[in-house]
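# A look at the structure
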Amino acid sequence: IDPSEFPTSMLYTLKDVDGILVKTKYAYDVIHSECIKRSIFTKQEINDKLHLISWRSPNLNTNTTKDFNKVLLFCQNRDSQVYMDIIKMWKENYPYLCVINGNANKFCVGRDREKEYPKVEFYDTIENDQFHKLFNQCVFHLCVDDSSVFDHLANQAKLVGSIPIGCKSGGRAELLNRDYAFIL
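Residues numbered from 1 in each chain as written. Predicted model: local features only at pLDDT ≥ 70, side-chain atom pairs only at ≥ 80, totals over all residues. Heavy atoms only, no water.

### Considerations on the environment of M89
Our working definition: For helices the rule is a DSSP run of H or I covering at least 4 residues; for strands it is a run of E covering at least 2, with both sets numbered from the N terminus onward. Between buried and exposed lies partly exposed: a residue is buried under 20% and exposed over 50% of the maximum accessible area for its type, with that area taken using a 1.4 Å probe on protein chains only.
Among the secondary structure elements, M89 is positioned in helix 3 (residues 82-89). Residue classification places M89 among the partly exposed positions, given a relative accessible area of 40%. Sequence separation between M89 and Y117 is 28 residues; the distance between their C-alpha atoms is 9.3 Å.

### Side note on the side chain of Q137
Which entries qualify depends on this criterion: Any two residues whose heavy atoms approach within 4.5 Å at even a single point are treated as in contact.
Here Q137 shows up in helix 5 (residues 128-137). In contact with Q137, other than residues within four places in its own chain, are T64, T65, K66, D67 and K70.

### What about unusual backbone geometry?
In this structure, S39 takes a positive phi of about 55° despite not being glycine. Positionally, S39 belongs in the loop between helix 1 (25-37) and helix 2 (43-49). According to the relative accessible area criterion, S39 is exposed, its value standing at 62%. Positive phi is not limited to glycine here, since N101 has a value of about 70°.

### Topic: the pairing of strand 3 (residues 67-74)
For clarity, the threshold we go by: We treat two strands as partners when DSSP finds at least two bridges between them.
Examined bridge by bridge, strand 3 and strand 6 (residues 138-142) share 4 bridges and lie parallel to one another. Residue pairing in the sheet places V71 in a bridge with F140 of strand 6.

### Some details on the environment of N77
Relative to the assigned elements, N77 resides in the loop between strand 3 and helix 3. We classify N77 as partly exposed; its relative accessible area is 29%. Expressed as a C-alpha distance, the spacing of N77 and D145, which sit 68 residues apart in the sequence, is 6.9 Å.

### What about the side chain of K49?
The test is simple: Only four residue types enter the charge count: Lys and Arg as positive, Asp and Glu as negative, with His and the chain ends excluded. In what follows, salt bridge is the name for a side-chain nitrogen of Lys or Arg lying within 4 Å of a carboxyl oxygen of Asp or Glu.
Residue position: K49 is located in helix 2. Here K49 is buried and forms no salt bridge, its nearest opposite-charge partner D18 lying at an N-O distance of 5.9 Å. Not counting chain neighbours up to four residues away, the residues in contact with K49 comprise L14, K15, V17, D18, G19, I20 and F41.

### Concerning the packing of aromatic side chains
Note on aromatic pairs: each is described by the distance of the centres and the angle between the planes. So the rule is basically this: Centres within 6.5 Å are what make two rings of Phe, Tyr or Trp a pair, Trp counting through its six-membered ring; a difference in plane orientation under 30 degrees is then read as stacked, over 60 as edge-to-face, and the rest as tilted. Think of it as a cone above the ring: NZ of Lys or CZ of Arg counts as a charge over the ring if it is within 6 Å of the ring centre and within 35 degrees of the ring normal.
In this structure the tally under the stated criterion is 3 aromatic pairs. Ring geometry for F131 against F135: centres 5.5 Å apart, planes inclined by 55°, an arrangement best described as tilted. Taken together, the residues F131 and F135, both in helix 5 and 4 residues apart, mark about one turn of the helix. F135 gets classed as buried once you look at its relative accessible area, which sits at 2%. Among the aromatic residues, ring-to-ring pairing joins F74, F131 and F135 into one connected group. If you follow K119 out to its NZ or CZ, it ends over the ring of Y96, 4.6 Å from the centre.

### A short note on the pattern of salt bridges
Tallied over the entire structure, the rule returns 5 salt bridges. As a salt-bridge pair, E34 and K37 come within 3.1 Å of each other at their nearest N and O atoms. Remark: K37 and E34 occur in helix 1; sequence separation between them is 3 residues, near one turn of the helix. Classification of K37 as exposed rests on a relative accessible area of 60%. Here the salt bridges do not stand alone but share partners, grouping E34, K37 and R38 into one network.

### Focus: the environment of K25
Within the secondary structure, K25 sits in helix 1. Judged by its relative accessible area of 43%, K25 falls in the partly exposed class. Separated by 28 residues in the primary sequence, K25 and I53 have C-alpha atoms spaced 9.3 Å apart.

By themselves, these figures tell us nothing about what the structure is for.
Set out below in structure tokens:
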């Protein structure tokens, strides 16, 4: 369960499941405290059902030279305007912004991209090997999605030796710190 995507009103349905898996300490703490606070479970019941699991993203690391002139922006959320906001504010003196999967977002699809955004490269159709290479090339990864997508992107950036840039709050606190990430 990802607490940011699981409605509080649905917590009562957890009584009917055999086990609850979460992948961050933050998610564990939120589910645990909310279930106790709402008397859905006793402390012992929730301790027996709720499990923090170890997880690791697949290894995308390839033997590719890092390019400090490329920043990765992976578009996952169909309804988030944040991608287009970033694209619109991107300046010509910035590094290239490599936008992956832009067509999946309703605000990015169908734009005259070359004319409007000269320092933005769109990769809407990219082969798996090319994606892995680009993912490794980009030194900085903008991780701006919510919840589990953010967790995955930030973790993947770290695994390939890139620097995630994101907001430190909630579940993100575990994934970003000043030793290997920039916090906005």
